[in-house]
Amino acid sequence: MVAAGVLISGTGSNLKAIIDRVAAGQLDCTIRVVISNRREAGGLAHAEAAGIPTRVIDHKAFAARDDFDRAVVDALRAAGVELVVLAGFDRLITTTFLEAFPLRIMNIHPALLPAFKGLHAQRQAAEYGVKIAGATVHFVDEHTDHGPIIVQGAVAVRPDDDEDEVRARILAVEHEIYPRAIQLFAEGRLEVDGRRVRVRGPDQGLPPPLIHW
């Protein structure tokens, strides 16, 4: 069982997917705290409905980014968090944060990294005309959307798909692969070797690339 802290800034759909898996007994995780840098974040309601403690730490109240990260780290440590899960968290992570939780910070990005890093990845995919898009769960490092890749899931992109259709299809995959990555961590099966993340033990639990039509 891994003790997780989830950081959000928005609606928290991935948070809700994780909460649902925990409630169903399908994820060996206890969420100790949900922290948002935005008081209006809709995802806080998901945590409160599940009886999970919440904190709002407004980044605008801090003069320096490191000071904000230090406050978040203190809150996570106070809650006994082992794994930090970024679920739609819109702040860049500093070295202060990375050193506090080395290889224990996960992020999900709505693209098949290293393609379409940064903002509006779904729009980038739709406009580029790719045939396959998807989502990536990775460990966070000092670069944006760059750390070692844990799990990826793919979706087909039709020629007439717009950004919203691509986003909806990718989101369905995000809700599958993020809990899976957390479960692998909880089982102690992830081994990081440079940029490669190897899964110890049998791989029967890992899905093939997901194609959602």
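So, how was this worked out
Throughout, residues of each chain are indexed from 1 in the direction in which the sequence is written. In view of the model being predicted, local features appear only for residues whose pLDDT reaches at least 70, and side-chain atom pairs are presented and counted only at 80 or more, with totals across whole chains, interfaces and linings using the full set of residues. The basis for every side-chain value is the complete set of non-hydrogen atoms in the structure, without hydrogens or water. Every case where a carboxyl oxygen of Asp or Glu lies within 4 Å of a side-chain nitrogen of Lys or Arg is listed as a salt bridge. Starting at the N terminus, helices and strands are each numbered in turn, a helix being any DSSP run of H or I of at least four residues and a strand any DSSP run of E of at least two. Accessible area is worked out with a 1.4 Å probe on protein chains only. A residue is then buried under 20% of its type maximum, exposed over 50%, and partly exposed in between. Take the residue count of a helix, subtract one, and multiply by 1.5 Å to get its expected span. Note: the arc covers the axis-to-C-beta directions of the helix. Throughout, a contact is declared for two residues whenever any of their heavy atoms are within 4.5 Å.

S.K.: Kindly report on the pattern of salt bridges, identifying the contributing residues and their values.
M.R.: Taken as a whole and judged by the stated rule, the model has 13 salt bridges. Across the pair Arg21 and Glu176 runs a salt bridge whose closest N-O atoms are separated by 3.1 Å. With Arg21 in helix H1 (residues 13-23) and Glu176 in helix H6 (residues 163-186), the pair connects residues that are 155 residues apart, well separated along the chain. Accessibility expressed as a relative area gives 37% for Glu176, which makes it partly exposed. Close ionic contact of Arg158 with Asp161 constitutes a salt bridge, the shortest N to O distance being 3.6 Å. Asp161 gets classed as buried once you look at its relative accessible area, which sits at 9%. Via salt bridges that share partners, Arg123, Glu163, Asp164 and Arg167 belong to a single interconnected network.

S.K.: Describe helix H3 (residues 65-78), naming the residues involved and giving the relevant values.
M.R.: Look at H3: 20 Å from first C-alpha to last across 14 residues, which is about the 20 Å you get at 1.5 Å a residue. Within the sequence span of H3, burial applies to Phe68, Asp69, Val72, Val73, Ala75 and Leu76. The arc enclosing the buried residues of H3, seen along the axis, measures out at 160°, which places them on a common side. Pointing more than 90 degrees away from the buried face of H3 are the exposed residues Arg77 and Ala78. Of the surrounding secondary structure, the elements contacted by the buried residues of H3 are strand E1 (2-8), strand E2 (29-36), strand E3 (54-56), strand E4 (83-86) and helix H4 (95-100). Just beyond H3, the residue with positive phi is Gly80, at close to 75°.

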